[in-house]
Structure formats: C-alpha cells, structure tokens
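Topology and contacts: notes
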Amino acid sequence: MKVFAMLGALNMAMGVILGAFAAHSLKQQLSPDMLAVFQVGVQYQIYHALGLLLVSLLLLYFPDANGLRTGGWILLAGIVLFSGSLYLLSLTGISWFGPVTPLGGAAFIIGWLWIAYAVIKA
C-alpha cells in the first residue's frame with residue numbers, strides 16, 4: 001500500500017515539475033506541436049499518478065486483492081512507456097519513440113481493467 005502511495009505522490013510531483021518546465025523553459029525551445037506532445041505526456045502522467053494513489057486507497061479496503069498490486073504496476077509501466085516516450089519524442093525529435101506510446105496506452109487500459117477485475121473478485 002505504501003509503495004503505491006509513494007509512487008503516486010512522486011509521479012504527481014514529477015508531473016507538476018515537468019509541466020512547469022514545459023510552460024517556462026520549453027516554450028522557447030520546442031515547436032508548438034512538440035510542446036503539445038510534451039503536455040499530453042504530463043497530463044497522462046498526472047492522471048495515472050492519481051490512479052496509483054487510488055490503488056493505495058483500494059488496498060486499504062481490499063487488502064487481499066493481489067490483482068490491485070499487479071494493476072498498479074501495470075499503470076506505472078504505462079506512465080513510463082506512454083509519458084516517457086512522449087517526453088523523449090518531443091525533446092529529441094526521434095520518431096522511433098512514437099510507436100512506443102501506444103504500448104503505454106495499452107498498459108493503461110490493461111491496468112485499469114486489471115484493477116476493476118481485482119475489485120470485483122475481492
């Protein structure tokens with residue numbers, strides 16, 4: 001439970017830092033399109049950081065639901081793959097990172113479905 005609360009809080013902090021960095025420093029460095037790509041990464045990181053915090057709360061009510069932990073780890077993988085690939089794509093311009101993004105999106109979907117199944121099963 002503590003692990004997901006910590007991961008959620010750290011990802012929230014990182015999302016805020018990266019959002020501020022984009023708004024203040026990257027605005028002059030990136031094209032408007034690449035800045036928008038970076039911001040999508042920030043948004044999804046923050047959304048799913050909240051999801052990690054939710055997993056920690058759900059573990060209070062369903063402590064024996066092992067699937068909650070698995071779902072949380074899958075959400076974290078989604079943050080790394082989805083947001084991370086968008087950050088790298090926008091900062092480097094290397095198009096190879098683009099195809100990684102849907103893998104992160106798939107991880108988000110699978111993670112949320114896994115969490116739903118774990119709660120139903122509990």
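Before going into details, it helps to say that this report is about the structure given with it. As the structure is a prediction and not an experimental result, all values here were calculated from the model. (Residues numbered from 1 in each chain as written. Predicted model: local features only at pLDDT ≥ 70, side-chain atom pairs only at ≥ 80, totals over all residues. Heavy atoms only, no water.)

**A short note on the packing of aromatic side chains**
- Tallying each qualifying case throughout the model produces seven aromatic pairs.
- Note on Y44 and F82: the rings are 4.8 Å apart at their centroids and 45° apart in plane angle, and the pair reads as tilted. Taken together, the residues Y44 in helix 2 (residues 32–61) and F82 in helix 3 (residues 66–92) connect sequence positions 38 residues apart.
- Judged by its relative accessible area of 12%, F82 falls in the buried class.
- Consider the rings of W96 and F97, whose centres lie 5.4 Å apart with planes at 80°: the pair is edge-to-face.
- We classify W96 as exposed; its relative accessible area is 60%. (Phe/Tyr/Trp six-rings, centres within 6.5 Å; stacked < 30°, edge-to-face > 60°. Helix = DSSP H or I, 4+ residues; strand = E, 2+ residues; numbered from the N terminus. Buried < 20%, exposed > 50% of the residue type's maximum accessible area, 1.4 Å probe, protein only.)

**Observations regarding helix 3**
- Here helix 3 is 27 residues long and its end C-alpha atoms lie 39 Å apart, about the 39 Å a rise of 1.5 Å per residue gives.
- Following helix 3 by one or two positions, G93 has its phi on the positive side, about 75°. (Expected span 1.5 Å × (residues − 1).)

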